[in-house]
Amino acid sequence: MLIRVVCAIKEKKMQADLEKRLSDLDVQLKFCDRQKSPWQELARSCADVFIVSSLLIPKPVESSISILNNLPEKPITIVLHNRESSEEHANLLASGVDVVLYSGISFDSMIEVIESTLESRRQFYYMDRFDQRGRYQPRLNDFVSNSKEMQMFLDEAQQIVTSDASLLLLGETGVGKEHLSKAIHAESHRSSGPFIAINMAAIPEQLIESELFGHEQGAFTGAVRSRRGAFEMAHTGTIFLDEIGEMPLQMQTKLLRVLQDFEFTPVGGEKPVWVDVRVIAATNKNLEKEIKKGQFRQDLYYRLGVITLTIPPLRRRKEDIPALANHFLSVYNKKIGCEINRFSNDAMKALCTYQWPGNIRELMNVIERAVILCKSDTISIENFPSIFHKKSMTSPAGFDINDLDLNAWKNKTLSEAKQEILHQVEKKYLEMVLEKTGGKIGETARIAGIHPRGLYGKMKILNIDKATFKSKDH
Ligand SMILES: Nc1ncnc2c1ncn2[C@@H]1O[C@H](COP(=O)(O)OP(=O)(O)OP(=O)(O)O)[C@@H](O)[C@H]1O
């Protein structure tokens, strides 16, 4: 968060000195007009810290201070008092002022107190970001995943956490793009800074600019107070721009300009603001198609996608389903207060066969519903929605060329891409036959029309363990 300091200082020299020193402190600084009564201006600005001369506080002091204290930002108020009277200091503190400073003290001491106030404000935002156990969740290591594909993906993600480059996350709805970006933020050197998520599809078009870059009071009808935008809130942290494919073209142009040097001017503002922010954008749209249709700027696509990661859909990493299902079972057991131990074999099989168009979000919802409906210690297929009861669910999934992730092939030769698909097909086929034969190698080899030694070799390469199939009821 970029700390905002708003000052109303009576003495001209003091104002000039403070302006000089506070500008070095990584804050956004604003001075109210000394000629007019500044209180209305203070109350309409959005600030973390107010620094005011006691002579400018309208009487009665208590109600003027309470106007500031009741602002939604819960600002800290520092009053510079021109008399060294402990009684008057005590009265100011009793009216709700946080810090009272005698303006006759050395300027360095005054700056020291202001600095420590700013630091306590930064800590206030910092504390806000941790759960009760003091952990900022989620972390990359906590990612529930057993599949090779996801492990490779997570290794790739691990390599880019140290980078400050913009990141574009692609993937279907519910695959975990926001979840991953939180984990990347938590692993990065920015983890003590904020993570601010903003969804382009959820904001009316005319408000996007103000949501992203903030506005000044009076910038448009209804802008009664000034307000900070997401970029300012994300200062020293990460901003997550979700559904970037929904951003209107005109805003794309503005965003591109901001991404050049991270400087912008709030709507209706005069002074530019500079922020230090890492941008992670995400979409489930095919941006290359959107570019061809003229709906997305190619230069913005390149700027956002300095690094691009595509999270595979759940149906392409079915090995993850049992681990994820058990993870969500324990999450909802705790949340709902149940003690369900397991899934029946049929129930787990149904989960593993389903195509999951809504990915992990859909899986979470299905498990939550099942935990609520389950009346025993085992979740059965009857606890799932009716689509899971159909017979076709238990037959092996069909092969759909459209399910393939073409992005994953970008740096591969044709023969490497073919090899990869071939491995997937062989793995699926052999697992299906091993399942049928209860893990019997001779019988599986006979059905597959290959030599048992050849079958062993393939199982080793494809990481298939026959013991997995022996444990099933055959
Ligand atoms: N690996 C994971 N382990 C545990 N929970 C996960 C995992 N991945 C995603 N989730 C959970 O699944 C839900 C959906 O994830 P998320 O919101 O990150 O998806 P998304 O790809 O950003 O979706 P959308 O495109 O619709 O915005 C969230 O509640 C998230 O916490």
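Just so it is clear, the structure is predicted and the values come from calculations on it, not from any experiment.

## Here's the deal with the overall build of the protein
Each helix and strand in the protein was counted, giving 19 helices and 14 strands. Relative to its length of 474 residues, the protein is extended, with a C-alpha radius of gyration of 29 Å against a globular reference of 23 Å. Over its C-alpha atoms, taken along the principal directions, the protein stretches across nearly 100 × 50 × 40 Å. Here the protein holds 474 residues, and the buried ones make up 46% of them.

## A few points about the site of the ligand
Among the 17 residues in the neighbourhood of the ligand, the closest are listed as Thr173, Gly174, Lys177, Glu178 and His179. Thr173 has a polar side-chain atom sitting 2.7 Å from an oxygen atom of the ligand. Between His179 and the ligand, the recorded distance is 2.8 Å, taken from a backbone N or O atom to an oxygen atom. For the ligand, the protein covers 85% of the area, taking 640 Å² as the surface of the free molecule.

## So, the nonpolar core
Core analysis: the biggest nonpolar cluster contains 35 residues, and Leu212, Phe231, Ile239, Leu241, Ile244 and Val279 have the highest contact counts within it. Those residues in contact with Ile239 that sit more than four places away from it in its chain are Ile196, Ile198, Ala230, Phe231, Ala234, Val277, Arg278, Val279 and Ile280. Counting residues in hydrophobic clusters, the runner-up holds 26 residues, among them Leu314, Leu329, Phe343 and Tyr354.

## Examining the sheet that holds strand S3 (residues 49-53)
Two modes of strand pairing occur in sheets, parallel and antiparallel, and in both the strands are linked by backbone hydrogen bonds. Strands sit in the order S2-S1-S3-S4-S5 across an open sheet of five strands; the sheet is parallel. Of all the strands in the sheet, the pair left with one neighbour each is strand S2 (27-31) and strand S5 (99-102). Neighbouring strand axes in the sheet, compared pairwise and without regard to direction, differ in orientation by 20 degrees on average. Alignment of strand S1 (residues 3-8) against S2, held across five bridges, turns out to be parallel. Of the residues in S2, the one forming a bridge with Val6 is Lys30.

## Remarks on the sheet that holds strand S7 (residues 195-199)
Strand order in this open sheet of five strands is S7-S8-S11-S6-S12, and the pairing throughout is parallel. Looking along the sheet, the strands with just one partner apiece sit at the ends: S7 and strand S12 (307-310). In this sheet, adjacent strand axes meet at a mean angle of 20 degrees when their direction is disregarded. As judged from the four bridges shared by strand S8 (residues 238-242) and strand S11 (residues 278-283), these two strands associate in the parallel manner. Counted as the bridge partner of Phe240 is Ile280 from S11. Lying over the sheet, helix H6 (residues 148-160) contacts strand S6 (167-170), S11 and S12, oriented at roughly 155 degrees with respect to S12.

## So, the packing of helix H13 (residues 320-336) against helix H14 (residues 345-353)
Between H13 and H14, whose axes approach to 9 Å, the crossing angle comes to 120 degrees. Relative to H14, H13 is oriented oblique. At the point where H13 passes H14, the crossing takes the right-handed sense. Of the residues in H14, those in contact with Ile321, Pro322, Ala325 and Asn326 of H13 are Met348, Leu351 and Cys352.

## Some details on helix H7 (residues 177-187)
Those residues of H7 lying buried are Lys177, Leu180, Ser181, Ala183, Ile184, His185 and Ala186. Along its buried surface, H7 packs onto H6, S6, S7, S8, S11 and S12.

## Re the side chain of Arg4
Turning to its location among the elements, Arg4 is positioned in strand S1. At 3.4 Å, the side chain of Arg4 forms a polar contact with the side chain of Gln28. From its side chain, Arg4 meets the backbone oxygen of Cys46 in a polar contact 3.3 Å long. With sequence-adjacent residues up to four places away left out, Arg4 is seen in contact with Gln28, Cys46, Ala47, Asp48, Val49, Ser226, Arg227, Arg228 and Glu232.

## Here we look at helix H1 (residues 12-22)
The periodicity of an α-helix, 3.6 residues per turn, causes residues three or four positions apart to be oriented the same way. For H1, the complete set of buried residues consists of Met14, Gln15, Leu18 and Leu22. Take H1 and look down its axis: the buried residues cluster within an arc of 100 degrees, on one side only. With respect to the buried face of H1, the exposed residues turned more than 90 degrees away are Lys12, Lys13 and Lys20.

## Some points on the domain arrangement of the protein
We note that the domain assignment places domain 1 (3-127), domain 2 (140-310), domain 3 (314-394) and domain 4 (412-470) within the protein. Here domain 3 and domain 4 have C-alpha centroids that lie 27 Å from each other.

## Concerning the packing of H13 against helix H15 (residues 359-373)
Between H13 and H15, the least distance of the axes is 9 Å, while the angle of their chain directions is 50 degrees. Classified by the angle their axes make, H13 and H15 are oblique. Seen from above, H13 lies across H15 with right-handed handedness. Contact residues: Leu324, Ala325, Phe328, Leu329, Tyr332, Asn333, Lys335 and Ile336 in H13; Ile360, Leu363, Met364, Ile367, Glu368, Val371 and Ile372 in H15. Here the contact of H13 with H15 is built from residues that sort into twelve nonpolar, one polar and two charged.

## Looking at the pattern of salt bridges
Inspection of every chain in the model, using the stated rule, returns 22 salt bridges. The partner of Glu246 in a salt bridge is Lys285, and the shortest N-O contact between them spans 3.3 Å. Here the residue Glu246 occupies a position in the loop between S8 and helix H10 (249-261), and Lys285 occupies one in the loop between S11 and helix H11 (287-292), the gap between them amounting to 39 residues. Take Glu246: its relative accessible area is 36%, and that puts it in the partly exposed class. Put simply, Glu290 and Lys293 hold a salt bridge, and the shortest N to O gap is 3.2 Å. When its relative accessible area of 10% is taken as the criterion, Glu290 is described as buried.

Criteria and cut-off values
Residues numbered from 1 in each chain as written. Predicted model: local features only at pLDDT ≥ 70, side-chain atom pairs only at ≥ 80, totals over all residues. Heavy atoms only, no water. Helix = DSSP H or I, 4+ residues; strand = E, 2+ residues; numbered from the N terminus. Rg over C-alpha atoms; globule rule 2.2 N^0.38 Å. Buried < 20%, exposed > 50% of the residue type's maximum accessible area, 1.4 Å probe, protein only. Near = heavy atom within 4 Å. Polar contact = N/O pair within 3.5 Å; in protein donor to acceptor, adjacent residues only side chain to side chain. Areas by Shrake-Rupley, 256 points an atom, 1.4 Å probe, with all protein chains shown as cover. Core = buried A, V, L, I, M, F, W, Y, C linked by side-chain atoms within 4.5 Å. Contact = heavy atoms within 4.5 Å. Pairing = 2+ DSSP bridges. Axes fitted to C-alpha atoms, helices over the stretch in contact; angles between N-to-C directions. Parallel < 35°, antiparallel > 145°, perpendicular 65-115°, else oblique. Left-handed = near helix turned anticlockwise from the far one by under 90°. Arc of directions from axis to C-beta. Domains from an automatic or database assignment. Nonpolar A, V, L, I, M, F, W, Y, C, P; charged D, E, K, R; others polar. Salt bridge = Lys/Arg side-chain N within 4 Å of Asp/Glu carboxyl O.

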